[in-house]
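A closer look at the structure
Read off the chains here:
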Amino acid sequence: MNVLHAGRCLRRAAAVGCLLAAAAPLNAGELGPLLKKLTAPFEAVHREKPPIETDPCVDELAARLEWIEHRINTHGSIVAKQPDVWGQSRLTRHRYEYEEQLRRQLDRFEERAHAAIRRSDQQYLGMALALQAAAGRRRGDDLVAVPKASVVNQIGDLLPSGNEGLGRDGQLVISRSAPFSQPGLPGAFPEEPIGLEPTLHLDHLSRYLQHLHALRRVNEGDDSADTPGYALNLIRVPVSILPGSLTRRGYGGEITLTVTPHLDDDLLPRTFRNLVINDLVDTIAPALTHCVNDADCLRWARTIDQQRGRTSQHSAVPQQSFMAAIESLGQRLPAIAPSPPPITKSRRARLPLPGSQLADVAGIGPMARLIVATHTALAGHPVSRPCIEFTDIRAFLTSELEAACDFLAVPAQREIWQELAGWRLAELIRGRQIAAVDAIRCHAFRQFGAVDLADPAAERVAGPDDCCTAEPVARPPCQTTTAALAWAILVESALLDARLAEDIAATTPLPCLAGPFFGPVPSPEARTAFADYVQRRWPIRVFALDPVIDEQNIEESFARRREAQIAMAVAFASGRTSAQALNRATRRLELDMATVALNRTAVGFTHGADTFGWRFAPRVQPPPTRTGLAGWAETLCGTSSDADLASRCLEPGIRECAAVIVMPSFIPGLSFDVHTNWYALAHPKDTEPDLHDTVKLARAVAAVRESAVACQACRHRYADGLLAQLLRRADQLEQELSLQTLAAKVPLENTAGGFELFDAGITDLAPDLAGW
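How each quantity is defined
- Residue positions are given per chain, counted from 1 along the sequence in the order it is written.
- A pLDDT threshold of at least 70 governs which residues receive local features in this predicted model, and a stricter bar of 80 or more applies before side-chain atom pairs are shown or counted, although totals over entire chains, interfaces and linings include all residues.
- Side-chain measures were taken over the full set of non-hydrogen atoms in the model, leaving aside hydrogen atoms and water.
- To qualify as a helix, a DSSP run of H or I must reach at least 4 residues; to qualify as a strand, a run of E must reach at least 2; elements of each kind are numbered from the N terminus.
- Throughout this description, buried means an accessible area under 20% of the type-specific maximum (1.4 Å probe, protein chains only), exposed means over 50%, and partly exposed covers the range between.
- Any two residues whose heavy atoms approach within 4.5 Å at even a single point are treated as in contact.
- All accessible-area figures derive from a Shrake-Rupley calculation using a 1.4 Å probe, and residue coverage is judged against the displayed protein chains alone.
- Take the residue count of a helix, subtract one, and multiply by 1.5 Å to get its expected span.
- A 3.5 Å cut-off defines polar contacts: any pair of N or O atoms within that distance qualifies, except that in protein one atom must be a possible hydrogen donor and the other a possible acceptor, and neighbouring residues in sequence count only when both atoms are side-chain atoms.
- For salt bridges, the criterion is a side-chain nitrogen of Lys or Arg within 4 Å of an Asp or Glu carboxyl oxygen.
- Two strands are counted as paired when DSSP detects at least two bridges linking them.
- Lines are fitted to the C-alpha atoms to define the axes, a helix being fitted only along its stretch in contact, and any angle between axes, read from their N-to-C directions, falls within 0 to 180 degrees.
- The cut-offs work like this: below 35 degrees is roughly parallel, past 145 is roughly antiparallel, 65 to 115 is roughly perpendicular, and the gaps in between are oblique.
- Less than a right angle of anticlockwise turn of the near helix away from the far helix marks a crossing as left-handed, whereas a clockwise turn marks it as right-handed.
- Across the chain, each position has a pLDDT score giving the predictor's confidence in that residue, from 0 to 100.
- Stacked, tilted and edge-to-face are the three classes applied to pairs of Phe, Tyr and Trp rings, where Trp contributes its six-membered ring and a pair requires centres within 6.5 Å; stacked means planes under 30 degrees apart, edge-to-face means over 60, and tilted covers the rest.
- Only Lys NZ and Arg CZ are tested; either one counts as a charge over a ring when it is within 6 Å of the ring centre and within 35 degrees of the ring normal.
- Only residues above 30% relative accessible area that lack a salt bridge enter a patch, with like-charged residues linked at up to 9 Å and the nonpolar side chains Val, Leu, Ile, Met, Phe, Trp and Tyr linked at up to 5 Å.

Section: the overall build of the chain
In terms of helices and strands, the chain carries 23 helices and 15 strands. The buried share among the 772 residues of the chain stands at 38%. By sequence separation, contacts in the chain at least 24 residues apart represent 81% of the contacts at least 6 residues apart. Here the chain has roughly 44800 Å² of accessible surface; of this, 56% comes from carbon and sulfur atoms.

A closer look at helix α6 (residues 198-220)
Relative to the 33 Å expected for 23 residues at 1.5 Å per residue, α6 spans 33 Å between its end C-alpha atoms, a close match to the ideal helical length. Listing the buried residues of α6 in full gives Leu212, Arg216 and Asn219. Tucked inside the fold, the buried residues of α6 contact α4 (92-103). A positive phi of about 90 degrees marks Gly221, the residue just after α6.

Observations concerning the side chain of Thr676
Along the chain, Thr676 falls in strand β13 (residues 669-680). A polar atom in the side chain of Thr676 sits 2.9 Å from the backbone oxygen of Ile78. The contacts of Thr676, once residues within four sequence positions are left out, are Ile78, Glu254, Ile255 and Ser738.

Details of helix α15 (residues 434-448)
The end-to-end C-alpha distance of α15 is 21 Å, a good match for the 21 Å that 15 residues give at a rise of 1.5 Å each. Buried within α15 we find Val437, Asp438, Ile440, Arg441, Cys442, Ala444, Phe445 and Phe448.

Quick look at the pattern of salt bridges
Tallied over the entire structure, the rule returns 30 salt bridges. With a shortest N-O distance of 3.7 Å, Asp693 and Arg71 are connected by a salt bridge. A residue pair is termed long-range when its members are at least 10 positions apart, and Asp693 in helix α21 (residues 691-710) and Arg71 in helix α3 (residues 56-75) qualify at 622 residues. On the basis of relative accessible area, Asp693 is assigned to the buried category, the value being 13%. A salt bridge links Asp282 to Arg394, with the shortest nitrogen-to-oxygen separation between them at 2.9 Å. Of this pair, Asp282 sits in helix α7 (residues 267-292) while Arg394 sits in helix α12 (residues 390-409), and the two are 112 residues apart along the sequence. Where salt bridges share partners, they join Lys81, Asp84, Arg236 and Glu656 into one cluster.

Re the pairing of strand β15 (residues 739-745)
Only one face of β15 is buried, namely the one carrying Gln740, Leu742 and Ala744, since none of Leu739, Thr741, Ala743 and Lys745 on the opposite face is buried. As paired strands, β13 and β15 are joined by 7 bridges and run antiparallel to one another. Note that in β15 the partner of Ser671 across the bridge is Ala743.

Side note on unusual backbone geometry
The amide bond that connects Asp546 to the next residue, Pro547, takes the cis arrangement and shows omega of 0 degrees. Assignment of secondary structure puts Pro547 in the loop between β8 (541-546) and β9 (549-574). Omega for the peptide link from Glu688 to Pro689 comes to -15 degrees, which places this bond in the cis form. Relative to the helices and strands, Pro689 resides in the loop between β14 (687-688) and α21. Phi at Arg424 is positive, roughly 55 degrees, even though this residue is not glycine. Mapped onto the elements, Arg424 comes out in the loop between α13 (414-423) and α14 (425-430). Phi at Arg432 takes a positive value of approximately 60 degrees, unusual for a residue other than glycine. Tracing the backbone through its elements, the reader meets Arg432 in the loop between α14 and α15.

Brief notes about the packing of helix α11 (residues 364-378) against helix α17 (residues 481-507)
Orientation of α11 relative to α17, taken along the N-to-C sense of each, is 125 degrees, at an axis distance of 9 Å. Considering their axes alone, α11 and α17 lie oblique with respect to each other. As for the relative orientation of α11 and α17, their crossing is left-handed in sense. Residues Pro366, Arg369, Leu370 and Ala373 of α11 form the contact with α17, whose participating residues are Thr481, Ala484 and Leu485.

Details of the environment of Met663
Mapped onto the secondary structure, Met663 falls in strand β12 (residues 653-664). Looking at Met663, the relative accessible area reads 0%, which means it is buried. Beyond its immediate sequence surroundings of up to four residues, Met663 is in contact with Gly229, Tyr230, Ala231, Asn233, Ile540, Leu670 and Val746.

Some details on the confidence of the model for the chain
Taken as a whole, the chain shows an average pLDDT of 76; of its residues, 69% reach a score of 70 or greater. Per-residue pLDDT stays below 50 along residues 45-49; that stretch engages in 2 contacts with residues further than four places along the chain or on separate chains. Counting contacts from residues 450-473, a segment whose pLDDT is below 50, to residues more than four positions away or on other chains yields 45 contacts.

A short note on the packing of aromatic side chains
Under the defined criterion, the tally for this structure stands at 10 aromatic pairs. An aromatic cluster of at least three residues, connected via ring pairs, comprises Phe530, Tyr533, Trp538, Phe666 and Phe758. The ring of Tyr679 has Arg615 sitting right over it, with the charged end atom 4.1 Å from the ring centre.

Quick look at a nonpolar patch on the surface
A contiguous nonpolar surface patch, about 280 Å² in accessible area, is contributed by Ile117, Phe558 and Met593. Mapped onto the secondary structure, Ile117 falls in strand β3 (residues 115-131).

What to know about the environment of Ile393
Mapped onto the secondary structure, Ile393 falls in helix α12. Those residues in contact with Ile393, other than ones at most four positions away along the chain, are Ala285, Leu288, Thr289, Val292, Thr374, Leu378 and Ile388.

Description of the environment of Asp438
Topologically, Asp438 is positioned in helix α15. Since its relative accessible area comes to 10%, Asp438 is described here as buried. For the pair formed by Asp438 and Ala362, sequence separation is 76 residues and the distance between their alpha carbons is 9.0 Å.

Written out as structure tokens, the structure is:
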């Protein structure tokens, strides 16, 4: 760089010397010393060494980055932004407004002409006779010829003048005729516009309505999107298009995306926990709402809870009243839980437990503790007047079940999950083995911290030496709301695990040997089997693309003229007169067409269920003006449609693209594999850049990172942070490559329960009546 700078300074000094010599007359002896004096400082700079030593490692790093940037700018870049996701709930208002606007278009059908064709066939046949006035025969055989212009003037009045006339050179000119006759003349067309036949009008109206319904169907989504486990999400993918020097003219852009679900290791425990909580809330909330608002149920629950929470071995409540309360509450629970089912079919094949088994499986004591705790927590709230609402009960149960799941996830309770797999609790409940279920419940509460002696089943199993017989300072863990809901979680986990295993066996061709699926830490085999089951049961489908087709309306007209003339002249002379006869036939064929052409600037496409993309083309542009040999060739040979396409330029900018995807509602994220390239408009098979160029650029970016590590030793010779800036530039260039992998988070819709999700027996997708 210093050498180049010194050379420029020498040239400038020489130029200054020349100007001084021109301004002030100097002799040859004075000009030489003057130039030497002016260039002496620059020659000294040129001879000395650079003040700062450069490092070849950093120079090589910068050269590689410059080469990568030059290659990318040569081909141009098509880059997709990280997708944005909108859930089905956020799209409710958009879908409603779209439906309203399309509904208003149902009665606005109009007949419109989209093209016009005009043909004309004109023919003229005329005969003109020219007489040569001669007083007599002149001497000699030569005749005096009459000028052509005078002949034309003589016969001009004899020719028809409707559509024809005579030109300057005597040629016959035929003007363009009107397509229709004038109104009022014989044979004229009627004044009323020409319309379609009634049957064609109905066909067009039917097509109009069907297209409106097709747009509304796309807006609403298909029935499979409303099935349990599925959600309809809108994915927005802005695409930035920046043509390069090679692809600036005659090229279009293409982007292809493949979407895959993000199935992480925590998918099974997270999903199973949410499904268990939702199932328990749907099962317990209706009965609990009735009990906390019923005076009798609340009185019985308090009597049972006081007996369970005694502070001494002597009962604070008479034994007779305690047993009567247990019997009364046990008889009431099957009648009020669960709530009466709706008349219509439900997507849920069955609840985890029928109402007749709720009291036997859950236990009267834990149910009483839950009723009292719920009433105590919600009765004093101002919004609970005059009764506790169903929504408040669900919110309270959700928070308490979350705490119970956290209680079961601590390391001290992991042993109970291991024992749950060998209890075969689901078989005992389905077989109505009440005594065996009571024994397991007592053992589970003992694992929680103490034996519940207030439960009749616990009294049969527990011995006098149990730790719960002593007087506790506070309520033991087995008598808390958390313990009651923890037992409910264990029961629901066992039932849901059996239901999931059945559905996996029906979906997967291979036998399922990866269970159990419950617990805070399931096995790696169970996680893999569940991920494979999700991909088979809920495959991702691309439902709709926007834009499907982006078109540009163009007024296009076409005109064709063909003209043929035949002229024949016969001359003869006899005696003192001469005659000239002229026969001329002229025919002209005309064709005029006008229509609305559609130039598709964006076209969407799908390949299979999870691969989609768009192709972008330029808008209509006037062809460039060619000069020289290209202009002569265009004048002689004309231009073709391929040449017109090759001259168009794709406009740089961002294209707004969106896709509606049907995907599982419990998947936390999506992964997009993106491939972009340029294609020749006249020859779509020619693409730039190819995969070989992309791999070469990726290898160059990796080499830049390796070189940056080697340059750390000499970073003190440059400004602070220079190497970090060069690495960030390498990251920026890497984002412009044609192969990318993007990730997007998806809003979870945690509303379905496990027995609703793992069920495919109900195919009726009608709305469910939840209450009235």
